[in-house]
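# Architecture at a glance
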Amino acid sequence: AASCTLAPALVARAQPAVTPVEIHVQGLDRLPYLPLVLAERLGFFRAAGLRVTLTPLPAGLRTLEALAQWPAVVFAGSFERTLYMHAIGQPQQAFVLLSRSPQMVLGTSAIHMPAGQGVADLVGAQIGIQGSGTVSERVAQWVLMRAGLKPTDVQFVELRDATQAMAALNSGTVEALCYGDPAVTRLELAGVLRVLADTRTLRGTEQLFGGPVACACLSASQAFIEAHPQVVQGLASAVVRSLVWLRTAGPSDLMRHVPEAYMHGDRSLFLEIFLRSRESLAVDGLMPEAAALNVMKALDRLRLPIDWQGVQPGNTYTNRFAMRARQQWRA
């Protein structure tokens with residue numbers, strides 16, 4: 001009887017400890033962060049000894065300044081924020097890459113703009129963006145500059161809501177949009193958006209930026225990374241395992257495990273979005289050496305009011321955790 005009484009306690013003590021971790025996520029229902037969601041739903045975080053809570057950021061929190069002020073120990077968001085944190089003297093390090101493209105599309109109205117026009121023909125046009133200071137505006141500006149235009153050659157119109165953005169393009173309130181999914185794919189399927197620059201694909205992204213770029217990533221302060229290497233390794237291992245799972249996932253796998261929030265009320269739409277953007281997801285969580293530098297060069301060319309002096313791109317990320325995870329899962 002005594003042994004039976006003690007057995008549950010012995011079993012409880014034998015179970016490995018589970019460490020709670022909160023990750024603040026910039027756009028939890030967007031494709032770049034699907035590896036995080038699947039790592040939680042498929043039990044990969046739990047297998048790594050972590051109990052992860054994914055906390056979405058407020059929808060209106062999009063500018064680098066606002067993102068930098070948000071208190072987060074572990075942050076899932078744009079690599080631009082990681083660079084910006086270094087520039088303002090609060091250095092962070094990315095430790096696993098989630099996405100290799102901004103997943104923004106610049107396109108013109110197929111209804112209100114003549115066919116055959118390119119980016120250089122947008123002089124004087126009104127271009128809808130998600131907001132001033134957002135990645136949507138920065139990608140649009142960069143596309144214009146690559147075509148020989150200045151950002152001041154067009155008028156940017158803030159359209160913070162996707163429904164508002166689609167209505168504006170349909171009505172002719174704006175002649176062009178620089179936006180992300182699901183709005184872009186909806187407009188494409190309806191035949192009302194003519195794509196001029198597409199950063200959902202690796203080819204389109206590398207053509208625009210002159211090489212690989214780092215986009216969505218997991219980051220934390222270097223102090224946290226050094227103080228909690230097992231936690232960071234667990235996060236990296238679970239995410240890389242999720243990226244490996246996504247490589248071969250078919251439609252039935254996705255329908256079974258992807259939450260309804262990603263479907264936008266239309267499962268076929270989600271599958272179309274996934275198909276168009278699948279290659280933009282990171283392969284193994286590793287940060288290419290040139291990716292960090294290319295992002296910093298682009299931000300510098302846009303002449304943002306940021307002092308980049310002293311920011312060394314090589315100090316803004318570490319690959320040691322993703323490398324171990326890659327070996328573990330043969331990524």
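Just above, that's the structure.
An account of the accompanying structure is given in this report. (Residues numbered from 1 in each chain as written. Predicted model: local features only at pLDDT ≥ 70, side-chain atom pairs only at ≥ 80, totals over all residues. Heavy atoms only, no water.)

Moving on: the pattern of salt bridges. One pass over the structure, following the stated rule, counts 12 salt bridges. The partner of Glu158 in a salt bridge is Arg160, with the nearest N and O atoms 3.0 Å apart. A residue is classified by how much of its surface remains accessible, and Glu158, at 38% relative accessible area, is partly exposed. The shortest N-O distance in the salt bridge between Arg200 and Glu188 comes to 2.8 Å. In this pair, Arg200 is assigned in the loop between strand E9 (193-198) and helix H9 (202-209) and Glu188 in helix H8 (residues 183-189), connecting sequence segments 12 residues apart. For Glu188, a relative accessible area of 21% puts it in the partly exposed group. In the salt-bridge network here, residues are joined through shared partners; they are Asp181, Glu188, Asp198, Arg200, Glu272 and Arg276. (Salt bridge = Lys/Arg side-chain N within 4 Å of Asp/Glu carboxyl O. Buried < 20%, exposed > 50% of the residue type's maximum accessible area, 1.4 Å probe, protein only. Helix = DSSP H or I, 4+ residues; strand = E, 2+ residues; numbered from the N terminus.)

Alignment of strand E6 (residues 126-129) against strand E7 (residues 155-158), held across 4 bridges, turns out to be parallel. What sits directly across from Ile127, in E7, is Phe156. Taken together, E6, helix H6 (residues 135-146) and E7 constitute a β-α-β crossover, and its handedness is right-handed. With 2 bridges connecting them, E6 and strand E8 (residues 176-179) associate as parallel partners. Across the sheet, residue Gly128 finds its bridge partner in E8, namely Leu177. (Pairing = 2+ DSSP bridges. Right-handed = clockwise from strand over helix to strand, strands pointing away.)

A few words on the sheet that holds strand E10 (residues 216-221). Read across the sheet, 5 strands follow the order E2-E1-E3-E10-E4 without closing on themselves; strand pairing throughout is mixed. Pairing within the sheet leaves two strands with one partner each, and these edge strands are strand E2 (50-56) and strand E4 (92-97). Averaged over neighbouring strand pairs, the angle between their axes works out to 30° when direction is ignored. In the sheet, strand E1 (residues 19-25) pairs with E2 via 7 bridges, with the strands oriented parallel. By the bridge assignment, Glu22 is partnered in E2 with Thr53. Sitting on the sheet, helix H2 (residues 34-41) is in contact with E1, E2, strand E3 (74-78) and E10, with an inclination near 140° to E2. Against the sheet, helix H5 (residues 79-87) contacts E3, E4 and E10, and its axis sits at roughly 160° relative to E4. (Axes fitted to C-alpha atoms, helices over the stretch in contact; angles between N-to-C directions. Contact = heavy atoms within 4.5 Å.)

Strand order in the open sheet formed by 5 strands is E7-E6-E8-E5-E9, and the pairing between neighbours is mixed. Where the open sheet ends on each side, the last strands, each with one partner, are E7 and E9. Taken over all neighbouring pairs, the strand axes of this sheet differ in orientation by 25° on average, direction set aside. Contacting strand E5 (105-109), E8 and E9, helix H7 (residues 162-171) runs over the sheet at an angle of about 160° to E8.

Here we take up the side chain of Ser237. Looking at the element boundaries, Ser237 is found in helix H11 (residues 229-248). Residue classification places Ser237 among the buried residues on the basis of a relative accessible area of 8%. Non-local contacts of Ser237, meaning those with residues more than four positions away in its chain, are made with Ala325, Gln328 and Trp329.

It is worth spelling out H5 at this point. Across the 9 residues that make up H5, a large majority, 8, are buried. All of the buried residues along H5 are Phe79, Glu80, Arg81, Thr82, Leu83, Tyr84, Met85 and His86. As for H5, its buried residues are in contact with helix H4 (64-69), E3, E4, H6, E10 and helix H14 (289-301). Positive backbone phi, approximately 80°, marks Gly89, located one or two places after H5.

So, to be careful, I would describe these as geometric facts and stop short of saying anything about function.
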